[in-house]
Amino acid sequence: MGAMNPRPVIVSGDGRILTNRVERAALKDSQLTYIYLGSGWNNIVWNDFALKIIRVWPKCVVMASKARVGSIIAVTASEKISIHRI
């Protein structure tokens, strides 16, 4: 996986993978970057969701390209982005 360029990335709004010990370990072992659409994204109407994701996506791409293998990029509905290690 690490040799692939660009590296595969998981994008999800399901944060349960981050709280379940077994799933988090599997994510860490996968060495993938996980972009997590955090709280608030599921409550946005589709038109607003599309506008927000288009606006924030270029920043996510830059962060993912610079992130270490096995990172979490958290994106809030207010478009704040943070990066964490798994």
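Here, every reference points to the structure presented above.
Only a predicted model underlies this, so the values are computations on that prediction, with no experimental measurement involved. (Residues numbered from 1 in each chain as written. Predicted model: local features only at pLDDT ≥ 70, side-chain atom pairs only at ≥ 80, totals over all residues. Heavy atoms only, no water.)

Enquirer: Got a minute to help me understand the sheet that holds strand β1 (residues 9-12) in this structure?
Expert: Hydrogen bonds between backbone atoms are what pair the strands of a sheet, whose relative direction is either parallel or antiparallel. Reading across from one edge, β1-β2-β3-β4 is the order of the four strands in this open sheet, with mixed pairing throughout. The sheet terminates laterally at β1 and β4 (81-85), the two strands that pair on one side only. Direction aside, neighbouring strands of the sheet carry axes that sit 20 degrees apart on average. By the bridge criterion, four bridges tie strand β2 (residues 33-37) to strand β3 (residues 71-75) in an arrangement that is parallel. For Y34, the partnering residue across the bridge sits in β3 and is I72. (Pairing = 2+ DSSP bridges. Helix = DSSP H or I, 4+ residues; strand = E, 2+ residues; numbered from the N terminus. Axes fitted to C-alpha atoms, helices over the stretch in contact; angles between N-to-C directions.)

Enquirer: Whenever I open this one, the environment of M63 confuses me. Can you help?
Expert: Positionally, M63 belongs in helix α3 (residues 46-66). By relative accessible area, which is 23% here, M63 ends up partly exposed. As for M63 and I73, which are separated by ten residues in sequence, their C-alpha atoms are 7.6 Å apart. The contact partners of M63, leaving out residues within four places of it in the chain, are I73, I81, S82 and I83. (Buried < 20%, exposed > 50% of the residue type's maximum accessible area, 1.4 Å probe, protein only. Contact = heavy atoms within 4.5 Å.)

Enquirer: Please explain the environment of N42 as it appears in this structure.
Expert: Topologically, N42 is positioned in the loop between β2 and α3. Sequence separation between N42 and D14 is 28 residues; the distance between their C-alpha atoms is 9.7 Å.

Enquirer: For this particular structure, what's the right way to read the pairing of β4?
Expert: Residues in a regular strand project their side chains so that they alternate between the two faces of the sheet. In the sheet, β3 pairs with β4 via five bridges, with the strands oriented antiparallel. Note that in β4 the partner of A74 across the bridge is S82.

Enquirer: Could you clarify how one ought to interpret α3 in this entry?
Expert: Along an α-helix, residues three or four apart share an orientation, since each turn contains 3.6 residues. Across its 21 residues, α3 extends 29 Å between first and last C-alpha, which sits within 8% of the 30 Å expected from 1.5 Å per residue. Along α3, the sharpest change in direction is near 40 degrees and occurs at W57; proline P58 comes one to four residues later. Close packing links the buried residues of α3 with β1, β2, β3 and β4. (Expected span 1.5 Å × (residues − 1). Bend = angle between axes of the 7 residues up to and from the residue.)

Enquirer: How should the packing of aromatic side chains be read in this particular structure?
Expert: Ring pairs (aromatic) are described by centroid distance and by the angle formed between their planes. This structure, assessed with the given rule, holds three aromatic pairs. Taking 6.4 Å as the distance between ring centres and 10 degrees as the angle between the ring planes, the aromatic pair formed by Y34 and Y36 counts as stacked. Side by side, Y34 and Y36 carry an identical accessibility label, which is buried. Taken together, the aromatic side chains of W41, W46 and F49 make up a single cluster linked through ring pairs. (Phe/Tyr/Trp six-rings, centres within 6.5 Å; stacked < 30°, edge-to-face > 60°.)

Enquirer: Mind showing me how you'd approach the pattern of salt bridges here?
Expert: Side-chain pairs of opposite charge can arise whenever the charged atoms involved come near each other. Applying the stated criterion across every chain yields a total of three salt bridges. Between D14 and R16 there is a salt bridge, with its nearest N and O atoms 2.9 Å apart. Overall, the relative accessible area of 29% leaves D14 in the partly exposed class. Beyond isolated ion pairs, a larger network of salt bridges with shared partners links K52, R55 and E79. (Salt bridge = Lys/Arg side-chain N within 4 Å of Asp/Glu carboxyl O.)

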